[in-house]
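Each chain, letter by letter, is given below.
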Amino acid sequence: MTLCDEVHAVGLYGPRGAGIAERDGVMDRISVVTATLAKGFGVGGGYIASSSPLIDAVRSFAPGFIFTTSLNPPLAAAARASVAYLKVHPELRDQHQERAAQLKKLLREAGLPVMPSQTHIVPIFIGNAALCKRISDELLYTHGIYAQPINYPTVPKGEERLRFTPSPFHSDSMMSHLVSSLQRVLGELGTDEMRSRYAQYMQRHNDTTKVL
């Protein structure tokens with residue numbers, strides 16, 4: 001059996017928005033898909049997709065399902081409408097990828113510590129949990145930009161980061177505001193330790209890429 005977690009991918013990848021497995025043409029090789037109705041679909045809740053016998057087994061024996069409140073009818077209807085819409089609007093996925101690529105380009109050109117990413121998620125390396133929270137607060141309260149700090153255990157200690165996920169509707173001016181705000185905040189709060197850890201991280205990444 002192969003289980004594929006498409007939480008960050010459904011709605012955003014593949015010709016119909018089914019996720020990375022659809023994009024890569026391997027949906028027939030996946031036994032179970034777990035995903036969300038938030039993020040790309042913009043609603044809430046989650047789901048698994050598989051064969052009828054496996055779904056029946058989960059429904060009957062999985063405590064995580066049995067003790068979970070089911071979606072209310074308006075939420076279910078909104079999710080269904082969102083899935084149906086995104087299945088037939090691939091241009092939104094094209095716009096989404098273009099916006100993510102543009103933000104990465106602007107961050108690199110500005111000399112900011114953007115981390116390598118093959119997806120729409122754009123991470124900025126900070127390398128310290130307390131500093132990550134402090135920078136996040138400064139962006140929010142001074143510059144009106146919400147960026148959630150991503151700390152351990154989501155990422156390894158010493159690789160704390162801010163994570164940006166541009167949408168198809170983030171404009172060039174919004175991105176310019178983000179870049180200039182990051183430059184100002186990191187110029188004020190950034191440390192030599194942060195820059196050193198970023199250089200070490202990039203070296204490890206480059207070494208791994210060469211091996212692969």
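Our structure is the block above this text.
Being a predicted model, the structure only gives us computed values, none of them experimental.

Conventions and cut-offs
- Residues numbered from 1 in each chain as written.
- Predicted model: local features only at pLDDT ≥ 70, side-chain atom pairs only at ≥ 80, totals over all residues.
- Heavy atoms only, no water.
- Core = buried A, V, L, I, M, F, W, Y, C linked by side-chain atoms within 4.5 Å.
- Buried < 20%, exposed > 50% of the residue type's maximum accessible area, 1.4 Å probe, protein only.
- Helix = DSSP H or I, 4+ residues; strand = E, 2+ residues; numbered from the N terminus.
- Contact = heavy atoms within 4.5 Å.
- Phe/Tyr/Trp six-rings, centres within 6.5 Å; stacked < 30°, edge-to-face > 60°.
- Pairing = 2+ DSSP bridges.
- Axes fitted to C-alpha atoms, helices over the stretch in contact; angles between N-to-C directions.
- Parallel < 35°, antiparallel > 145°, perpendicular 65-115°, else oblique.
- Left-handed = near helix turned anticlockwise from the far one by under 90°.
- Nonpolar A, V, L, I, M, F, W, Y, C, P; charged D, E, K, R; others polar.

Colleague: Please clarify how the nonpolar core should be interpreted in this entry.
Modeller: Buried together is how nonpolar side chains tend to be arranged in soluble globular proteins. Counting 24 residues, the largest nonpolar core has Leu162 and Phe164 as its most contacted members. The set of elements that each furnish at least two residues to this core consists of α5 (90-109), β4 (122-125), α6 (129-143), β6 (161-164) and α7 (172-189). Those residues in contact with Phe164, other than ones at most four positions away along the chain, are Leu103, His120, Ile121, Val122, Ile124, Leu139, Ile145, Ala147, Leu178 and Leu182. In this structure, Val10, Phe41, Ala79 and Leu92 belong to the second largest nonpolar core, which totals eight residues.

Colleague: I would appreciate a short explanation of the packing of aromatic side chains in the present structure.
Modeller: Working definition: an aromatic ring pair is given by the centre-to-centre distance plus the angle between the planes. This structure, assessed with the given rule, holds two aromatic pairs. Judged by centre distance (5.7 Å) and plane angle (45 degrees), the ring pair of Phe125 and Tyr198 falls under tilted. Pair noted here: Phe125 is in strand β4 and Tyr198 is in helix α8 (residues 192-211), with a separation of 73 residues, a long-range link. Of the residues examined, Phe125 reaches a relative accessible area of 1% and is grouped as buried.

Colleague: I'm lost on unusual backbone geometry in this one. Help?
Modeller: A negative phi angle is the norm for most residues apart from glycine, just as the trans form is the norm for most peptide bonds. A cis amide bond, omega 10 degrees, links Tyr152 with the succeeding residue Pro153. The topology assignment puts Pro153 in the loop between β5 (149-150) and β6. Even without glycine at this site, Lys39 takes up a positive phi of about 45 degrees. Locating Lys39 in the fold gives a position in the loop between β2 (32-36) and β3 (46-49).

Colleague: How should the sheet that holds β2 be read in this particular structure?
Modeller: By definition, the strands of a sheet pair up through backbone hydrogen bonds, in either a parallel or an antiparallel sense. The strand order β1-β2-β3 describes an open sheet built from three strands, whose pairing is mixed. In this open sheet, the two edge strands, each paired with only one partner strand, are β1 (3-5) and β3. Averaged over all neighbouring strand pairs, the angle between strand axes comes to 15 degrees, with direction disregarded. By the bridge criterion, four bridges tie β2 to β3 in an arrangement that is antiparallel. Bridge pairing links Val33 to Ala49 in β3.

Colleague: What am I meant to see in the environment of Met115 here?
Modeller: Tracing the chain through its elements places Met115 in the loop between α5 and β4. Classification of Met115 by relative accessible area gives buried; the value is 3%. In this structure, the C-alpha to C-alpha distance between Met115 and Met202, residues 87 residues apart in sequence, is 7.7 Å.

Colleague: Before we go on, may I ask you to explain the packing of α6 against α7 in this structure?
Modeller: Relative orientation and spacing of two packed helices are given, respectively, by the angle between their axes and the distance between those axes. Packing of α6 against α7 brings their axes to within 10 Å, and their N-to-C directions diverge by 130 degrees. Classified by the interaxial angle, the pair formed by α6 and α7 is oblique. Considering how the two elements wind past one another, α6 and α7 form a crossing that is right-handed. Where α6 abuts α7, its residues Leu131, Arg134, Ile135, Glu138, Leu139 and His143 lie against His177, Ser181, Leu182, Arg184, Val185, Leu186, Glu188 and Leu189. Across the contact of α6 with α7, the residue classes tally to seven nonpolar, three polar and four charged.

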